[in-house]
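Summary of the model geometry
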Amino acid sequence: MLKSKTFVKKTRSGGVMKIVREHYLRDDIWCGSEFCVECKHDSTVLQKEAVIESDLCSSPHYIIPDTNVVLHQIDILEDPLIKNVIVLQTVLQEIRHRSAPVYKRIKDVIHTAAKHFYTFTNEHHRETFIEREQGESANDRNDRAIRTAAQWYSEHLKKAPDAQDLKIILLTNDKANKQKAEECAGIITLRYADIIVHRLLAVAIGADCTDPDLLDKHKRSALCNNLNYRHKMAQYAQRASVALHTQLFFKSRGVLNEEGFILFVRKNAIIVLIPKFGLEGTVFFESKDKITPPLTFNEEGPTLTVQNHTFHLFDRVKVTISLDSSNIQHQKIRMSIIEPVIPGVSVDPPEMEPQTKKARLNP
Ligand SMILES: [Zn+2]
């Protein structure tokens, strides 16, 4: 089966390149488990005796780690006691992009026969390949691909006569991913803030001892909720801090006139990147106090036609940047279009105030 996808990409030199990506899906990719009687594999990697001596999970289990778990817990995964791990192609590809050293280490583990780490090429398997949905981020799509593969394993091995007690454990730190995975039947997920995963794995392989409280399910759960709460608050604080400093920066500069490029085209707006400041902002063509000009959005492009002008991705535009402090509790960076000139929509370029500063430097 062949799936092909065509898209255009703008090159660095400004040209446009057409890319056709072909994707072959196969039905001869095996699960690699000793339990399986359905797959036609010659040799298997994942064992029947897949039990780690620990209190955490006493029945046989195969572990599917997500990308972050591999990235941050590679030293634990390398331990000789951790065996029978399914490394998904999706995870491998993400690791290759994010960390060359970890990629090399996980490849070494996979090549160590005694570790029983099995690479499952889920991106080429007819039943586990998924397309990215509209509006879905690459990250979310990959998380979904990981859940799909975990669910496939669970259902696939359920058919094996001896695998009744076998459990597929999806190891993730991501809250949303865990919740979604639990909606799929048959997958057990483990998720704790990084350090807890690390400690528990260390305890599981006997490399560390731990407070008995950590092995208590309810106490552990409360601890994790607290860790996640703090993590979320730290993220909010970080974002608020970036927003505050961006606003302070533009507050002192009045209205600026800058060149930018269109990053995204939406139904009623364009999102513009100003390379000079690394700033992204939105130019809305709809507002409460103005009559909305005729807008035509074309999803295929995507393009947005405002009056008689059509905006495309990567178009060069000129915008004004200013701080809107009309609502003191919700100050916002505002952008308006200067060029291209669209009657009734675009604004006049502002007087260049920063020039006066320069003059002061040369008395
Ligand atoms: Zn199989």
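If you're wondering where the values come from, they're calculated on a predicted model, not measured in any experiment.

Some words on the overall build of the protein chain
Scanning the protein chain from terminus to terminus reveals nine helices and 15 strands. Taken over 363 residues, the protein chain has a buried fraction of 39%. Considering only residue pairs separated by 6 or more positions, the protein chain has 54% of its internal contacts joining residues 24 or more positions apart. Surface accessibility of the protein chain: about 21,800 Å² in total, with carbon and sulfur atoms responsible for 51%.

Quick word on the sheet that holds strand 9 (residues 269-274)
The five strands lie next to each other as 10-9-8-14-15, forming an open sheet whose pairing is antiparallel. One side of each edge strand has no neighbouring strand; the edge strands of this open sheet are strand 10 (279-284) and strand 15 (332-339). Within this sheet the neighbouring strands show an average axis-to-axis angle of 45°, counted without direction. Pairing between strand 8 (residues 256-265) and strand 9: four bridges, direction antiparallel.

Thoughts on the coordination of the zinc ion
Taken together, Cys31 (SG), Cys36 (SG), Cys39 (SG) and His156 (NE2) make up the full set of protein donors to the zinc ion, lying 2.0 to 2.3 Å away. Classification of the site at the zinc ion as tetrahedral follows from its four donor atoms and the range of 101 to 115° in their angles at the metal. On the primary sequence, the residues serving as donors to the zinc ion are separated as C-x4-C-x2-C-x116-H. The exposure class assigned to Cys36 is buried, which follows from its relative accessible area of 12%.

Comments concerning the layout of surface pockets
Of the pockets and cavities examined, the largest pocket occupies roughly 2,100 Å³. Lys5, Phe7, Arg21, Arg132 and Glu136 are, among the 48 residues lining the largest pocket, the residues nearest its centre. Elements supplying a minimum of two residues to the lining of the largest pocket: strand 1 (2-10), strand 2 (16-24), helix 3 (89-98), helix 5 (138-158) and strand 8. Among the elements that make up the lining of the largest pocket, the one with the highest residue count is strand 1 (eight residues). The residue inventory of the lining of the largest pocket, partitioned by class, reads 13 nonpolar, 15 polar and 20 charged. Here the lining of the largest pocket gathers at least three residues from each of two domains, domain 1 (26-215) and domain 2 (254-361).

Quick look at the side chain of Thr172
Here Thr172 shows up in the loop between strand 6 (167-171) and helix 6 (175-183). A polar atom in the side chain of Thr172 sits 2.7 Å from the side chain of Asp66.

Regarding the confidence of the model for the protein chain
The predicted model of the protein chain has a mean per-residue pLDDT of 82, with 85% of residues at 70 or higher. Counting contacts from residues 355-360, a segment whose pLDDT is below 50, to residues more than four positions away or on other chains yields zero contacts.

Here's the deal with the packing of helix 3 against helix 4 (residues 100-111)
Where helix 3 meets helix 4, the axes come as close as 6 Å, and the angle between the chain directions of the two elements is 140°. Taken together, the axis directions place helix 3 and helix 4 in an arrangement best described as oblique. The chirality of how helix 3 crosses helix 4 is left-handed. Where helix 3 abuts helix 4, its residues Leu92, Ile95, Arg96 and Arg98 lie against Ala100, Val102, Tyr103, Ile106, Lys107 and Ile110. Looking at the contact of helix 3 with helix 4 residue by residue, the class counts come to seven nonpolar, no polar and three charged.

A few points about the packing of aromatic side chains
The geometry of an aromatic ring pair comes down to the distance between the two centres and the angle between the two planes. As enumerated under the stated definition, the model contains eight aromatic pairs in all. For the ring pair Phe120 and Trp152, a centre distance of 5.1 Å and an interplane angle of 15° mean the geometry is stacked. Residue Phe120 is found in strand 5 (residues 117-120), and its partner Trp152 is found in helix 5; the two are separated by 32 residues along the sequence. When sorted by exposure, Phe120 lands in the same class as Trp152, which is buried.

Calculation notes
Residues numbered from 1 in each chain as written. Predicted model: local features only at pLDDT ≥ 70, side-chain atom pairs only at ≥ 80, totals over all residues. Heavy atoms only, no water. Helix = DSSP H or I, 4+ residues; strand = E, 2+ residues; numbered from the N terminus. Buried < 20%, exposed > 50% of the residue type's maximum accessible area, 1.4 Å probe, protein only. Contact = heavy atoms within 4.5 Å. Areas by Shrake-Rupley, 256 points an atom, 1.4 Å probe, with all protein chains shown as cover. Pairing = 2+ DSSP bridges. Axes fitted to C-alpha atoms, helices over the stretch in contact; angles between N-to-C directions. Donors = N, O, S within 2.8 Å, 3.2 Å for Na, K, Ca; no water. Tetrahedral: all angles 85-135°; square planar, octahedral: opposite > 155°, others 65-115°. 1 Å grid on protein atoms, 1.4 Å probe; cavity = no way out; pocket = protein on both sides within 12 Å on 5 of 7 lines; lining within 4 Å. Points joined across faces, edges and corners; volume = space filled by probe spheres on them. Nonpolar A, V, L, I, M, F, W, Y, C, P; charged D, E, K, R; others polar. Domains from an automatic or database assignment. Polar contact = N/O pair within 3.5 Å; in protein donor to acceptor, adjacent residues only side chain to side chain. pLDDT = per-residue confidence, 0-100. Parallel < 35°, antiparallel > 145°, perpendicular 65-115°, else oblique. Left-handed = near helix turned anticlockwise from the far one by under 90°. Phe/Tyr/Trp six-rings, centres within 6.5 Å; stacked < 30°, edge-to-face > 60°.

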